[in-house]
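Spelled out, the chains give:
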Amino acid sequence: SQKIEQNSEALNIQEGKTATLTCNYTNYSPAYLQWYRQDPGRGPVFLLLIRENEKEKRKERLKVTFDTTLKQSLFHITASQPADSATYLCALSNTGGFKTIFGAGTRLFVKA
Amino acid sequence: DAGITQSPRHKVTETGTPVTLRCHQTENHRYMYWYRQDPGHGLRLIHYSYGVKDTDKGEVSDGYSVSRSKTEDFLLTLESATSSQTSVYFCAISESINRVDGGYTFGSGTRLTVV
């Protein structure tokens, strides 16, 4: 069955450092890979989307890479801030864009 | 979240009773989705809609039904609630399949407890 794996252990980093989160998947050939941010008690918020034929995408302090051979995406937050503390979800979509599947997320803590 | 509203925000119900959750959008998006979120499982798709009266099943559709009689409203019904349906339910919307760039917009969620 299709599976997305994100590190279930929380990631703790110091303010100003780069946070790197990993998303691995199996039994899926996604057309799109997305990253979301979720704060406690809130719905996920869309951050970035990368297509299967793109290797890297940037938005402000965020960078996403997508390696379809390794079946892996890396999500980087540079110059991290305490306000970046949240759970980050990886999601895969088929060509139609629906039936998107989500990983369980990785909790990030940024210490001042 | 702007443009999408879920109601109620919290609900406690008894086993065996029917429950309906409502999702309302003001964005005129074609696609609407219902997900449930449980610890360790991530978000799992229950049902989705690709237009008025057009719906399809997701990964965990057993015990759930949906209806969409208007573009703006997508209802999720638990026909006979069970304790395994205790969860946080999220509604999401998206534009056409060629505009996946924008990702999904999620509501604030409904926390449902079945006792």
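It should be noted that the structure appears before, not after, this text.
Every value quoted in this text rests on a predicted model; they were computed, and no experiment measured them.

K.L.:
Describe the overall build of chain B, with residues and values.
P.N.:
Looking only at helices and strands, chain B has zero helices and eleven strands in total. The globule rule puts the C-alpha radius of gyration for 115 residues at 13 Å, and the 13 Å found for chain B is close to it. Each principal axis of the C-alpha atoms in chain B carries an extent, and together these give about 40 × 30 × 25 Å. Burial status across chain B gives 50% buried among its 115 residues. Counting contacts in chain B only where the partners sit at least 6 residues apart, residues at least 24 apart contribute 56% of the total. Looking at chain B as shown, the accessible area adds up to about 5300 Å², and 47% of this sits on carbon and sulfur atoms. Within chain B, one finds 12 positive and 13 negative side-chain charges whose respective centroids are separated by 3 Å.

K.L.:
Can you lay out the packing of aromatic side chains for me, pointing to particular residues and giving the numbers?
P.N.:
Residues and elements named next belong to chain A. Taken as a whole and assessed by the stated rule, the structure comprises 16 aromatic pairs over all chains. Where Trp35 meets Phe75, the ring centres are 4.8 Å apart and the plane angle is 20°; that geometry is what we call stacked. With a gap of 40 residues between them, Trp35 in strand E4 (residues 32-38) and Phe75 in strand E8 (residues 72-77) connect regions that are remote in the sequence. Exposure remark for Trp35: the relative accessible area of 0% places this residue in the buried category.

K.L.:
How would you summarise the interface of chain A and chain B if you had to cite specific residues and measurements?
P.N.:
Every contact between the two is made by 20 residues of chain A and, on the other side, 22 residues of chain B. Counting the surface lost from both chain A and chain B, the interface buries some 1800 Å², and carbon and sulfur atoms represent 56% of this. Three residues, A:Phe98, A:Lys99 and A:Phe102, lead the burial of chain A against chain B; their summed loss comes to 28% of the area buried on that side. Summed over the shared surface of chain A and chain B, the result is zero salt bridges. Along the contact surface separating chain A from chain B lie four residue pairs in polar contact (both at pLDDT 80 or more). Elements that contribute at least two residues to the side of chain A that touches chain B include exactly E4 and strand E5 (45-51) of chain A. Of the residues forming the side of chain A that touches chain B, the biggest block, four residues, is contributed by E4(A). Its residues placed into classes, the side of chain A that touches chain B shows nine nonpolar, eight polar and three charged.

K.L.:
Please set out the state of the cysteines residue by residue, giving values where relevant.
P.N.:
One pass over the full model with this rule turns up two disulfides over all chains. The disulfide bridge from A:Cys23 ends at A:Cys90, spanning 2.0 Å between sulfur atoms. Note on the A:Cys23 and A:Cys90 pair: the S-S dihedral is about -65°, so by sign convention the disulfide is left-handed. Within this pair, whereas A:Cys23 is found in strand E3 (residues 19-26), its partner A:Cys90 is found in strand E9 (residues 86-93), the two being separated by 67 residues in sequence. Bridging B:Cys23 to B:Cys91, the disulfide has an S-S length of 1.9 Å. Residues B:Cys23 and B:Cys91 are joined through a disulfide that is left-handed, its torsion about the S-S bond being -75°. One end of the pair, B:Cys23, is in strand E3 (residues 19-25); the other, B:Cys91, is in strand E9 (residues 87-94), and 68 residues separate them in sequence. For B:Cys23, a relative accessible area of 0% corresponds to the buried category. Residue B:Cys91 is classed as buried on the basis of its relative accessible area of 0%.

Basis of the calculations
Residues numbered from 1 in each chain as written. Chains lettered and ligands numbered in written order. Predicted model: local features only at pLDDT ≥ 70, side-chain atom pairs only at ≥ 80, totals over all residues. Heavy atoms only, no water. Helix = DSSP H or I, 4+ residues; strand = E, 2+ residues; numbered from the N terminus. Rg over C-alpha atoms; globule rule 2.2 N^0.38 Å. Buried < 20%, exposed > 50% of the residue type's maximum accessible area, 1.4 Å probe, protein only. Contact = heavy atoms within 4.5 Å. Areas by Shrake-Rupley, 256 points an atom, 1.4 Å probe, with all protein chains shown as cover. Lys, Arg positive; Asp, Glu negative; His and termini not counted. Charge placed at Lys NZ, Arg CZ, Asp CG, Glu CD. Phe/Tyr/Trp six-rings, centres within 6.5 Å; stacked < 30°, edge-to-face > 60°. Buried area = accessible area lost by both parts, 1.4 Å probe. Salt bridge = Lys/Arg side-chain N within 4 Å of Asp/Glu carboxyl O. Polar contact = N/O pair within 3.5 Å; in protein donor to acceptor, adjacent residues only side chain to side chain. Nonpolar A, V, L, I, M, F, W, Y, C, P; charged D, E, K, R; others polar. Disulfide = S-S within 2.5 Å.

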